[in-house]
Amino acid sequence: MYPFQLEGFIADHVTGRPQSLFANDIQANAQALSERIDGKSVLVIGGAGSIGSSFIRAMLRFRPARLYVVDTNENGLTELTRDLRSNEDLVVPPVYLTYPLNFGEPVFGKILRNVGAFDIVANFAAHKHVRSEKDPYAIEAMVDNNVLKAKQLLDLLTEHPPAHFFCVSTDKAANPVNVMGATKKLMEEVIMAYAARLPITTARFANVAFSNGSLLAGFLERLMKRQPLSAPSDVKRYFVSPEESGQICLLACMLGHSGEIFFPKLATSDMKTFSDIASALLRSLGLEPYPCASEQEAKLAASQWNDANAAYPVYYFGSDTSGEKSFEEFFTENEEIDWDRFESLGVIKNAPRKDFRHIDVMFQKLTSIFAKEKIVKTDIVRLLADFIPNFEHIETGKNLDDKM
């Protein structure tokens, strides 16, 4: 196979952008960003993940004085540290500490209370995969992480409010059809309820190309293991690069007004199918996709493949799993959009803010249903639909874990 440069491939074949979509907005607001970050204390939760680590890299260019990173992935924190300290373009702050722990644990509260107030707090800890709605146990864990713990964090932060708080959302929160998107929409409603108490912003954005655990990153794993590539041919998605994912969060966190939701200005023509990206990846490596009619045929062909063969087995199929939209969207028709403040970002200004009584009722019902020893998926979906009127769950009885 030919030498492969991932950033170049993303620019040429995924985003179609030679430079970051947000480069001009970063440059235009460099002074404001520097004033709000230089010398400040920063806490990043979920900082070892793809978006969280990209946010840290974008943040470090403006020289914060203290950086604390929390993540459950101990190996990820280790690699993050090695990467930051090996990067000649970044300056690691004098105070830099990583903690491999869950932000819902009591020890996290001790850190918040005893280390001192943080100027900037960003939360990237989330269940992000549609496949995580496979059964009631997986859904309970997802609701707990994306919604219940988010409120717990906000309650802790009200004791020592930061100057900026950011919590990541998803494009799947707009007119959600899967439980992951519904939990992120609920998260948005929770943080909006706190927007009068804390300076809170969030962002809905596209798939991050080759992020940890993504289908695109899986293509590289399959190739290294000489396994077939498998992808839906009828699902279109927006994509941003890893660098762009950190930048949109940085702009939203530091320059947004409390209660605002940011999203990238992307046209429907920017969307790509996963199968098209898979084919482009193979061709960039000097290979041609060899279409197979089934998973079994693809696996058999892969087992017989060798370096002398330019045809690489792929299995492209129509999507038939629960919670999959054929396309994504960033906002709904009832949301008021500011299109003019940034060149590359739209801002939702009128996100509804429910009162705390509504939030308390929602949490009581969620806690009550999860307290049962036995629950079924449909009960949780029905309860989520009660809180989110535009949640129209797509249920096919099949899960992504059933796919290659």
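The structure presented is a predicted model; accordingly, all values stated were derived computationally and were not measured.

Draft legend 1. Looking closely at the pattern of salt bridges. Applying the stated criterion across every chain, the model contains 14 salt bridges. A salt bridge links Arg341 to Glu260, with the nearest nitrogen and oxygen atoms 2.6 Å apart. Taken together, the residues Arg341 in the loop between strand 15 (337–338) and strand 16 (345–348) and Glu260 in strand 11 (residues 260–264) connect sequence positions 81 residues apart. For Asp355, the salt bridge goes to Arg357, with nearest N and O atoms at 3.4 Å.

Draft legend 2. Main features of the nonpolar core. Within the largest apolar cluster, 54 residues are counted, with the highest numbers of intra-cluster contacts made by Leu33, Phe55, Phe124, Phe166, Phe205, Leu250 and Met254. Dropping the residues within four chain positions of it, Phe55 is found in contact with Val44, Ala122, Phe124, Gly246, Cys249, Leu250 and Cys253. Of all hydrophobic cores here, the second largest spans 49 residues; its members include Tyr68, Leu154, Ala193 and Tyr194.

Draft legend 3. The arrangement of the side chain of Glu244 in detail. Take Glu244: it is sitting in helix 10 (residues 242–255). For Glu244, the side chain forms a polar contact with the main-chain nitrogen of Leu21, separated by 2.7 Å. Here Glu244 is in contact with Thr15, Arg17, Gln19, Ser20, Leu21 and Phe22, once residues within four sequence places are set aside.

Draft legend 4. Looking closely at the sheet that holds strand 13 (residues 288–291). Across the sheet, which stays open at both edges, the three strands sit in the order 8-14-13 with parallel pairing between neighbours. Each edge of the open sheet carries a strand with a single partner, namely strand 8 (229–232) and strand 13. Strand after strand, the sheet turns through a mean of 40° between neighbouring axes, direction not considered. Pairing geometry for strand 13 and strand 14 (residues 311–317), over four bridges, is parallel. Bridging across to strand 14, Pro291 finds its partner in Val314.

Draft legend 5. How the structure looks around the environment of Leu384. One can find Leu384 in helix 14 (residues 377–387). The exposure class of Leu384 is buried, given its relative accessible area of 0%. As a C-alpha pair, Leu384 and Leu366 span 18 residues in sequence and 8.7 Å in three-dimensional space. In this structure, Leu384 is in contact with Val179, Ala182, Leu186, Leu366 and Phe391, ignoring residues within four places of it in sequence.

Draft legend 6. Fine view of the layout of surface pockets. Estimates place the volume of the second largest pocket at around 990 Å³. In terms of lining residues, the second largest pocket is bounded by 34 residues, among which Glu7, Ser54, Arg57, Pro242 and Glu243 are the most central. Contributing elements (two or more residues each) for the lining of the second largest pocket: helix 1 (6–14), helix 4 (50–60), helix 5 (74–86) and helix 10. Residue classes in the lining of the second largest pocket are distributed as 13 nonpolar, 13 polar and eight charged.

Draft legend 7. Expanded view of the sheet that holds strand 11. The strand order across the open sheet formed by nine strands is 3-2-1-4-5-6-11-16-15, and the pairing between neighbours is mixed. On the outer flanks of this sheet lie strand 3 (95–100) and strand 15, each paired with one strand and no other. Two elements, strand 11 and strand 16, share four bridges in a ladder whose sense is antiparallel. Its bridge partner lying in strand 16, Ile261 is registered against Ile348. Each of strand 1 (41–45), strand 4 (120–123), strand 5 (164–168) and strand 6 (200–203) touches helix 7 (residues 136–157); the most contacted strand, strand 5, lies at about 175° to it. Sheet contacts for helix 10: strand 4, strand 5, strand 6, strand 11 and strand 16; angle to strand 5, the most-contacted strand, approximately 140°.

Draft legend 8. Spotlight on helix 10. Its 14 residues give helix 10 an end-to-end C-alpha distance of 20 Å, which sits within 8% of 20 Å, the value for a rise of 1.5 Å per residue. In terms of burial, helix 10 is a largely internal element, 12 of the 14 residues being buried.

Draft legend 9. Fine view of the packing of aromatic side chains. One pass over the structure, following the stated rule, counts 16 aromatic pairs. On the basis of an interplanar angle of 5° and a centroid distance of 6.4 Å, the ring pair of Tyr68 and Tyr99 is categorised as stacked. Of this pair, Tyr68 sits in strand 2 (residues 66–71) while Tyr99 sits in strand 3, placing them 31 residues apart in sequence. A relative accessible area of 24% places Tyr99 in the partly exposed class. Arranged with centres 5.6 Å apart and planes meeting at 85°, the rings of Phe263 and Trp339 form a pair that is edge-to-face. Of this pair, Phe263 sits in strand 11 while Trp339 sits in the loop between strand 15 and strand 16, and the two are 76 residues apart along the sequence.

Draft legend 10. Local environment of the pairing of strand 8. Burial of the side chains of strand 8 extends over both faces: Leu229 and Ala231 are buried on one face and Ser230 and Pro232 on the other. With four bridges connecting them, strand 8 and strand 14 associate as parallel partners. Bridging from a neighbouring strand, Ser230 pairs with Tyr315 of strand 14.

Draft legend 11. Layout of the state of the cysteines. In this structure the tally under the stated criterion is zero disulfides. Here Cys167 is not cross-linked by a disulfide; its sulfur's nearest cysteine counterpart is in Cys249, at 10 Å. For Cys167, a relative accessible area of 3% corresponds to the buried category. Here Cys253 is not cross-linked by a disulfide; its sulfur's nearest cysteine counterpart is in Cys249, at 8.6 Å. Residue classification places Cys253 among the buried residues on the basis of a relative accessible area of 2%.

What counts and how
- Residues numbered from 1 in each chain as written.
- Predicted model: local features only at pLDDT ≥ 70, side-chain atom pairs only at ≥ 80, totals over all residues.
- Heavy atoms only, no water.
- Salt bridge = Lys/Arg side-chain N within 4 Å of Asp/Glu carboxyl O.
- Helix = DSSP H or I, 4+ residues; strand = E, 2+ residues; numbered from the N terminus.
- Core = buried A, V, L, I, M, F, W, Y, C linked by side-chain atoms within 4.5 Å.
- Buried < 20%, exposed > 50% of the residue type's maximum accessible area, 1.4 Å probe, protein only.
- Contact = heavy atoms within 4.5 Å.
- Polar contact = N/O pair within 3.5 Å; in protein donor to acceptor, adjacent residues only side chain to side chain.
- Pairing = 2+ DSSP bridges.
- Axes fitted to C-alpha atoms, helices over the stretch in contact; angles between N-to-C directions.
- 1 Å grid on protein atoms, 1.4 Å probe; cavity = no way out; pocket = protein on both sides within 12 Å on 5 of 7 lines; lining within 4 Å.
- Points joined across faces, edges and corners; volume = space filled by probe spheres on them.
- Nonpolar A, V, L, I, M, F, W, Y, C, P; charged D, E, K, R; others polar.
- Expected span 1.5 Å × (residues − 1).
- Phe/Tyr/Trp six-rings, centres within 6.5 Å; stacked < 30°, edge-to-face > 60°.
- Disulfide = S-S within 2.5 Å.

Any functional reading would require information that these geometric values do not contain.
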